[in-house]
Amino acid sequence: MKIAIVGAGSIGFTRRLVRDILSVPELADTRFAFQDISERNLDMVARLSRREIEANGVGATIDATVEREPALEGADYVINTARVGGLAGFRTDVEIPLKYGIDQCVGDTICAGGLTYGQRTVPIIVELVDQIERYAGATTTLLNYANPMAMNTWAALDASPVQTIGLCHGVQGGHHLLARLFERHVNDGKSPDDAGYRLVTKADVDIVAAGINHQTWYFKVLFDGRDWARDLLPLFEADEETARREKVRMDIIRRFGYFSTESNGHLSEYLPWYRKRPDEIAQWISTDTWILGETGGYLRVCTENRNWFETDFPKWLEAEPAKFDPAGRSDEHGSWIIEAMETGRTYRGHFNVRNDGIISNLPADAIVEVPGYVDRNGLSIPLVGDLPLGLAAICSNSIQVQRMATQAAMTADVELLKQAILLDPLVGAVCNPPEVWQMVDEMLVAQAEWLPQYANAIDAARQRLATAPSLARNQGNGAVRLKTRTVEEMRAAATN
């Protein structure tokens, strides 16, 4: 079996996927094809992964190439993790909107950063599925991890019959949090060292979630024979740490009745209410970890990790190789899907797919995140039915923006892109139309090298910026911005 990984120069994600896959005995002789445009990053990741394969004594092999066609040739599965524009493009997704008052934690799904990121990524996704058809065949499965998830999956399914499944770990992350809350609830103040202390894991909590990527909602939360889906708020409020860290998610439970799968920081930037007034942002977020809402938090962490990886690579080569252990396998969907399709062992997860009536009160052409089952017959998705009206409205707002921005990326329609960004919930809460038009011009010019489809429009945007007064009104560094640490600072923190 051959698995191609596009964007394989990812610091840790590629090696995690390889370990997961090779923890399945039937997949131990997989042929991997790593592809990335960065020859240096590709070489580092390939060397580390080959070292682990050799240490574990399995028959897997790795070919690494900067060319996509030989990587895709004859592939049974393609995994896409590529970030088009890398950290340089990502930085403009965060910093330019911030000048116009749009304070994002991540900026990779919707909002100004995510929608512009989609302009860089969607054309590459369309190119990729065309190449998969030509070099691997239309029956090949594309597992897409790259954001903006819904837009990329939408574009792939519009452009090709290749089976594309969008994968995200947001549902699993919330599932872990629920298990921790139930553990604290049933132990009622006991210490883990106390007699009778009860451990609660994900396996003890059965969940069903549905919505759209990063705006998915837990509709069933079964624990100890009871459905807690509408009764979760007291569990959050009773836990001091969670109540301090999850204020946006808790407020959404208060207003709409259901718990969102997505992190506090992510969720805060998809809605118009929590990040529109700089002096109020701090009260909704926590800086315990970046994902709780820190301004530009993910950009900071990605920058730190990349610097650490490049500096400490020789030490990583000397470290003890990881063991391929089924007990240590992550809950990333990719390896479980491949195992299910190859062995017939059924896997249940939550996947991003075309709606086609699965959620009956969301548009049929939208990409939804819903429960599904995988076995040797492929992917099977049950019908979900209607979302509650408030949640459907939240999802619908984002779907309209995603549809417009995806179409803009595929047709190089600048006006449609500007309309999509204007209609984004948080952007519309912060900016007026002239500000949005100028901000998009600035982003197009800054990202010109990754936006060839807009080549004819960028000169005009550059001229407008040169002749019009700046409408950027934010001179600050963000409401809650932390300093990017040096490698020395991270190393010192790691040893403490």
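A brief report on the enclosed structure follows. Here the structure is a predicted model, which is why all the values come from computation and not from measurement.

### Remarks on the overall build of the protein chain
At step 1: Each helix and strand in the protein chain was counted, giving 20 helices and twelve strands.
At step 2: Its C-alpha atoms give the protein chain a radius of gyration of 22 Å, near enough to 23 Å, the size a compact globule of 496 residues would have.
At step 3: The C-alpha extent of the protein chain, read off along each of the three principal axes, is 65 × 55 × 55 Å.
At step 4: With 496 residues in all, the protein chain has 55% of them scored as buried.
At step 5: Long-range pairs, those at least 24 residues apart, make up 70% of the contacts in the protein chain with a sequence separation of at least 6.
At step 6: Separation between the mean location of the 50 positive side-chain charges and that of the 67 negative ones in the protein chain comes to 3 Å.

### Focus on helix 18 (residues 433-446)
At step 1: Counted at 1.5 Å a residue, the expected span for helix 18 with its 14 residues is 20 Å, and the 20 Å between its end C-alpha atoms agrees.
At step 2: Inspection of helix 18 places Glu435, Val436, Gln438, Met439, Val440, Asp441, Glu442, Met443 and Leu444 among the buried residues, and these make up the whole buried set.
At step 3: Of the surrounding secondary structure, the elements contacted by the buried residues of helix 18 are helix 4 (86-99), helix 5 (111-135), helix 16 (414-423), helix 17 (425-430) and helix 19 (455-467).
At step 4: Between the side-chain oxygen at the start of helix 18 and the backbone nitrogen of Glu435 there is a gap of 2.9 Å, and the oxygen is on Asn432.

### Concerning the nonpolar core
At step 1: In terms of nonpolar packing, the biggest core is built from 66 residues, with Phe32, Phe34, Ile79 and Leu362 touching the most fellow members.
At step 2: Broken down by element, this core gets its largest block of residues, six residues, from helix 2 (residues 39-56).
At step 3: For Phe34, the residues in contact, after removing those within four places along its chain, are Ile5, Ala8, Thr14, Val18, Leu42, Val45, Ala46, Ser49, Ile62, Asp63, Ala64 and Thr65.
At step 4: Counting residues in each nonpolar core, the second largest holds 34 residues, with Leu115, Ala405, Ala420 and Leu426 among its members.

### Digging into the packing of helix 5 against helix 16
At step 1: Closest axis-to-axis distance for the helix 5/helix 16 pair is 9 Å, and the angle between their directions is 155°. The angle between helix 5 and helix 16 falls in the class roughly antiparallel. In terms of crossing hand, the pair formed by helix 5 and helix 16 is right-handed. Where helix 5 abuts helix 16, its residues Ala112, Leu115, Thr116 and Gln119 lie against Leu417, Ala420 and Ile421.
At step 2: The class makeup of the residues in the contact of helix 5 with helix 16 is five nonpolar, two polar and no charged.

### Observations regarding the packing of aromatic side chains
At step 1: According to the stated counting rule, one finds 16 aromatic pairs in the structure shown.
At step 2: Centre to centre, the rings of Phe182 and Phe223 are 4.4 Å apart; their planes meet at 20°, and the pair counts as stacked. Of this pair, Phe182 sits in helix 7 (residues 170-187) while Phe223 sits in strand 8 (residues 215-223), and the two are 41 residues apart along the sequence.
At step 3: The positively charged end of Arg226 is found above the aromatic ring belonging to Trp228, 3.8 Å away from the centroid.
At step 4: Above the plane of the ring of Trp336 lies Arg329, whose end atom (NZ or CZ) is 3.4 Å from the centre.

### Here's the deal with the pairing of strand 8
At step 1: Summarising burial for strand 8: seven of the nine residues are buried, a large majority.
At step 2: Strand direction decides the pairing type here: strand 7 (residues 206-212) and strand 8, joined by seven bridges, are antiparallel. Residue pairing in the sheet places Asp206 in a bridge with Leu222 of strand 8.
At step 3: Pairing of strand 8 with strand 9 (residues 226-227), which is carried by two bridges, proceeds in the antiparallel orientation. By the bridge assignment, Phe223 is partnered in strand 9 with Arg226.
At step 4: Hairpin connection between strand 8 and strand 9: a loop of two residues separates the two successive antiparallel strands, and Asp224 in this loop has a positive phi of roughly 55°.

### Quick look at unusual backbone geometry
At step 1: Geometrically, the link from Asn147 to Pro148 is a cis peptide bond, its omega value of -5° lying close to zero.
At step 2: Position of Pro148 among the secondary structure elements: in the loop between strand 5 (141-144) and helix 6 (149-159).
At step 3: One non-glycine residue, Asp188, lies in the positive phi region at around 45°.
At step 4: By secondary structure assignment, the location of Asp188 is in the loop between helix 7 and strand 7.
At step 5: The exposed category is assigned to Asp188, whose relative accessible area is 69%.

Cut-offs used in this document
Residues numbered from 1 in each chain as written. Predicted model: local features only at pLDDT ≥ 70, side-chain atom pairs only at ≥ 80, totals over all residues. Heavy atoms only, no water. Helix = DSSP H or I, 4+ residues; strand = E, 2+ residues; numbered from the N terminus. Rg over C-alpha atoms; globule rule 2.2 N^0.38 Å. Buried < 20%, exposed > 50% of the residue type's maximum accessible area, 1.4 Å probe, protein only. Contact = heavy atoms within 4.5 Å. Lys, Arg positive; Asp, Glu negative; His and termini not counted. Charge placed at Lys NZ, Arg CZ, Asp CG, Glu CD. Expected span 1.5 Å × (residues − 1). Polar contact = N/O pair within 3.5 Å; in protein donor to acceptor, adjacent residues only side chain to side chain. Core = buried A, V, L, I, M, F, W, Y, C linked by side-chain atoms within 4.5 Å. Axes fitted to C-alpha atoms, helices over the stretch in contact; angles between N-to-C directions. Parallel < 35°, antiparallel > 145°, perpendicular 65-115°, else oblique. Left-handed = near helix turned anticlockwise from the far one by under 90°. Nonpolar A, V, L, I, M, F, W, Y, C, P; charged D, E, K, R; others polar. Phe/Tyr/Trp six-rings, centres within 6.5 Å; stacked < 30°, edge-to-face > 60°. Lys NZ or Arg CZ within 6 Å of the ring centre and 35° of its normal. Pairing = 2+ DSSP bridges.

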